[in-house]
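# Commentary on secondary and tertiary structure
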There are 2 protein chains.
Amino acid sequence: MDNVRSYVEEHKDRFVSELIDLLKIPSISADSKYKNEMITTAEAVKTSLEKAGCDLVEICETPGHPVVYGEKIIDKNLPTVLVYGHYDVQPPDPLDLWNSPPFEPVIKETELHPDGAIFARGACDDKGQMYMHVKALEYMTKTNQLPCNVKFMIEGEEEVGSEHLGWFIENNLEKLKNDVILISDTGMIAKDVPSITTGLRGLSYMEVEVTGPNRDLHSGLYGGAVGNPINILTKMIASLTDENNHITIPGFYDKVEELSAEERAKMAEAPYDEEKYKNKLDINDVYGEAGYSTLERGSIRPTLDVNGIWGGYIGEGAKTVLPSKAFAKISMRLVPDQDWKEISELFTKHFESIAPNAVNVKVNTHHGGYAYVTPIDNDAYKAASKAYEKSFGKIPIPQRSGGSIPIVSLFEKALKSKIILMGFGLDTDAIHSPNEHFGIWNYLKGIETIPHFYKNFADSQK
Amino acid sequence: MDNVRSYVEEHKDRFVSELIDLLKIPSISADSKYKNEMITTAEAVKTSLEKAGCDLVEICETPGHPVVYGEKIIDKNLPTVLVYGHYDVQPPDPLDLWNSPPFEPVIKETELHPDGAIFARGACDDKGQMYMHVKALEYMTKTNQLPCNVKFMIEGEEEVGSEHLGWFIENNLEKLKNDVILISDTGMIAKDVPSITTGLRGLSYMEVEVTGPNRDLHSGLYGGAVGNPINILTKMIASLTDENNHITIPGFYDKVEELSAEERAKMAEAPYDEEKYKNKLDINDVYGEAGYSTLERGSIRPTLDVNGIWGGYIGEGAKTVLPSKAFAKISMRLVPDQDWKEISELFTKHFESIAPNAVNVKVNTHHGGYAYVTPIDNDAYKAASKAYEKSFGKIPIPQRSGGSIPIVSLFEKALKSKIILMGFGLDTDAIHSPNEHFGIWNYLKGIETIPHFYKNFADSQK
């Protein structure tokens, strides 16, 4: 793989323009309005895999959005790498905060990205990082250096909880058989501080509806006498965390893995500057669970965040209404050993139990996923670490992420193989936010690093 | 005025169809999109006053929506009645809860209204009740029975706090000179229980904005470590009332008028059935300040209601976002002696003081108004009471309303005359709600009652 850097250098403009074409398609899985765009995107991914050298590529229907499957099997006796990624993206709103339209990609230089970054929804999460693997395959096939078999499983429901991927895997266990699963849907600490994600948080995503009177009322005639579902919802949500920002749902912490003082001390060694962190976000102070550092709050501790809330009159001006209903979307990030299904039930039971008689509540579980932790003493991790060392000239730091890829723990259970989370994004890429972007340097560095992993891993299995 | 009932009977179909034409114009003062419809409505009101017999009618510009002024002066030595009403209406949303479009009036029979009710935004509040006075004037002029002078002041900003009416009054004190102010913008207890409103609550309407990070963040990467403006807003709002639903803003109750045991006992005599009340609203229980009855909570006690709340992702499906901002519209109903400007300041200072360091808050005052209580031992009240007795065959009950007409107390201060609140609507008319309606029986009864008031009042001033 010694000429990978020069190959990337030679083809980088095409690599960028191909990704830009893919980013132009609004593949928003959460919004049924975009069903057709989801198909168009799946077809574009299919074509790219064929061009990159896959022998077999198919769009596999599921009860939801389809999965794109591709493979190149060079020798049944060689090990097989399964690449997972997703072609769906987060909804782009609030649109008015984007400096350029989310599905009209533009390249802009930034302080952090003097070589330019691609600004578009999905630039990093996950079209950009997924496409690195397509281009890495292109390099290995065009230069006849593919050292093992490769399979791709690119889904379209990651941003809505991979609802049907479990179903797809259960129905394709043989087809998906592999020796290691490679995923680029995470980040690294900094451009000059490469890292490999060794842990992910689980997720339980709930939606609640609080209903008071059977119609919107005049807040003058009924205010003070009839339960206002918004006032009551705020009290219910506020009570879900105490003054130390501990979550108050009974049983919530029962299975939370407590890290040893040694492990916490090791975490604290990761480079982190709280002043810089606060300045980047324009906040005067951080905010979280008492007794834990910012890094710990964002990785090894469970959380409860309201992702959306609405009710009553939200238009221009004033309306003196006591509304009939109020709603909220609430998600909890979970840590190893917390069972998201159990947590969703605990949340539901608790939320129903704290509702005053004056209202009725409905609680729905949107989706969820298990947390995941990977050991660093296996062949796959070592192969990845060496690959980063080769392309970055530095040994990467193993790092626990606060994010969730709900499907990862299922991969391990169902496919019995280790997962390597090789992420090349940065915290500042604004994934899930307006002005999401992906540094061209990071994109190309990913394409350069991946083939080294294939070689190192194949060698380790001889 | 003895033939008023027969006159109304003879012309009722035209009275209804004229009102329906007025209701077709969407005069939504809160939404600047409807600026032209506001003008069209003002012109329609002007025409109707001219037809009813006013000698002078003019559309008076203000810094906001115009005021329609009309007058018929028959003799400078006779007393003058000033009629106040408003031609603007509340925004109709949520639109999906209307059984027929809010600005396409339909007549439907209901259990309570066997003679039919007009369903449309503004049917009762206040186009319908305002138009009763136009038709009452028509009767008195066409039958040469107008016993005194009359002036009309119909504004277009009542639903947004009558922002510029104070300015208009201050600049037209001579023109608006009168002996009594007559307003129909309230309700009565029941069709068979006529009542006159003797008290109104004041209002302070605030809007708050809570800002956390400078952009929407990924709730996995930042959740638990960065203050979530929605979580924090719910805690802040929840803390504004305690476990007894007492408002916690320091100084909020300092000037609240406490009623005597006698007054409270008298209130308790008003016909009220809590089971019926709960059933009408489909609620299992009422909800409010400990130590007070439902009637008291809705009239003699101040309140704090969230009229609207929004933040984060409120679309279909799920988005794991930690938003940059969260908002709420919060209004407080005030009772006699509470100064809405002082309360707005207390709210602002308190809300800013309880914000954690992790967020910034902005608090804006939309508008407000003073509470009002009228005595029942003056000529004007007696004239009104006798008028109801004549048309309903029953002595009306004096009643305190929970609603607010911010401008009423200003009338008394600026124009030095008593205000009579002669309302013919019902609690069930769904004003400010979807499917607002006004019973045709109530509408015609109002037209029948008003001329008797003119006669009684004119006689009392001889």
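To keep things clear, this report deals only with the structure shown in the data block. (Residues numbered from 1 in each chain as written. Chains lettered and ligands numbered in written order. Predicted model: local features only at pLDDT ≥ 70, side-chain atom pairs only at ≥ 80, totals over all residues. Heavy atoms only, no water.)

On to the interface of chain B and chain A, then. Contacts between the two partners involve 93 residues from chain B and, on the opposite side, 94 residues from chain A. For the pair chain B and chain A, the two sides together bury roughly 7900 Å², of which 51% comes from carbon and sulfur. Viewed at the interface, chain A and chain B are joined by zero salt bridges. Summed over the shared surface of chain B and chain A, the result is 48 residue pairs in polar contact (both at pLDDT 80 or more). The biggest single contributor to the side of chain B that touches chain A is strand β11 (residues 303–312) of chain B, with 10 residues. Where strand β11 (residues 303–312) of chain A and β11(B) come together, five bridges link them in antiparallel fashion. Looking across to β11(B), one finds that Trp310(A) is bridged to Trp310(B). (Contact = heavy atoms within 4.5 Å. Buried area = accessible area lost by both parts, 1.4 Å probe. Salt bridge = Lys/Arg side-chain N within 4 Å of Asp/Glu carboxyl O. Polar contact = N/O pair within 3.5 Å; in protein donor to acceptor, adjacent residues only side chain to side chain. Helix = DSSP H or I, 4+ residues; strand = E, 2+ residues; numbered from the N terminus. Pairing = 2+ DSSP bridges.)

This part is about the pairing of β11(A). All names here are of chain A. Counting buried positions along β11 gives nine out of 10 residues, so the element sits mostly inside the fold. Two elements, β11 and strand β13 (residues 325–334), share eight bridges in a ladder whose sense is antiparallel. Opposite Val 306, over in β13, you have Ile 330 as the bridge partner. (Buried < 20%, exposed > 50% of the residue type's maximum accessible area, 1.4 Å probe, protein only.)

All names here are of chain B. Summarising burial for strand β8 (residues 195–200): six of the six residues are buried, a large majority. When β8 meets strand β15 (residues 372–373), the two strands line up antiparallel, connected through two bridges. If you follow Leu 200 over to β15, its bridge partner there is Tyr 372.

Let's shift gears to the relation of the copies chain B and chain A. Under the fitted operation, chain B is carried onto chain A by 0.0 Å of movement along the axis and a turn of 180 degrees, and the coordinates agree to an RMSD of 0.0 Å. Both copies are brought into coincidence by an operation consistent with a two-fold rotation axis. (Least-squares fit on C-alpha atoms with pLDDT ≥ 70 in both.)

A separate point is the packing of aromatic side chains. Residue and element names in this part refer to chain A. Evaluation of the coordinates by the stated rule reveals 30 aromatic pairs over all chains. Judged by centre distance (6.1 Å) and plane angle (65 degrees), the rings of Phe 438 and Tyr 443 are edge-to-face. On the basis of relative accessible area, Tyr 443 is assigned to the buried category, the value being 0%. Three or more aromatic residues joined by ring pairs form one cluster here, namely Tyr 388, Phe 392, Phe 424 and Trp 441. (Phe/Tyr/Trp six-rings, centres within 6.5 Å; stacked < 30°, edge-to-face > 60°.)

Before going further, it helps to examine the packing of helix α1 (residues 4–23) of chain B against helix α13 (residues 440–460) of chain B. Any two packed helices are characterised by how steeply their axes cross, that is the angle between the axes, and by the distance between the axes. All names here are of chain B. The N-to-C vectors of α1 and α13 enclose an angle of 130 degrees; their axes lie 10 Å apart at closest approach. The angle between α1 and α13 places the two elements in the oblique class. α1 and α13 meet at a crossing whose hand is right-handed. Residue-level inspection shows Val 4, Arg 5, Val 8, Lys 12, Phe 15, Val 16 and Leu 19 of α1 in contact with α13, the latter providing Ile 440, Tyr 443, Leu 444, Lys 445, Ile 447, Glu 448, Pro 451 and His 452. For the contact of α1 with α13, the residue count by class is 10 nonpolar, one polar and four charged. (Axes fitted to C-alpha atoms, helices over the stretch in contact; angles between N-to-C directions. Parallel < 35°, antiparallel > 145°, perpendicular 65-115°, else oblique. Left-handed = near helix turned anticlockwise from the far one by under 90°. Nonpolar A, V, L, I, M, F, W, Y, C, P; charged D, E, K, R; others polar.)

Moving on to the pattern of salt bridges. Residues and elements named next belong to chain A. Under the criterion given, the structure shown has 50 salt bridges over all chains. Residues Glu 9 and Lys 12 are paired through a salt bridge, measuring 2.9 Å at the closest nitrogen-oxygen approach. Taken together, the positions of Glu 9 and Lys 12, both in helix α1 (residues 4–23) and three residues apart, correspond to about one turn of that helix. Lys 12 sits in the partly exposed class, given a relative accessible area of 28%. Each of Arg 14, Glu 18, Lys 135 and Glu 138 takes part in one network of salt bridges that share partners.

Residues and elements named next belong to chain A. At their nearest, the axes of helix α3 (residues 127–142) and helix α13 (residues 440–460) sit 8 Å apart, and the two run at 55 degrees to each other. Relative to α13, the element α3 is oriented oblique. Between α3 and α13 the crossing geometry is right-handed. Residue-level contacts link Gly 128, Tyr 131, Met 132, His 133, Lys 135, Ala 136, Tyr 139 and Met 140 of α3 to Asn 442, Tyr 443, Gly 446, Ile 447, Ile 450, Pro 451 and Tyr 454 of α13. Here the contact of α3 with α13 is composed, by residue class, of 10 nonpolar, four polar and one charged.

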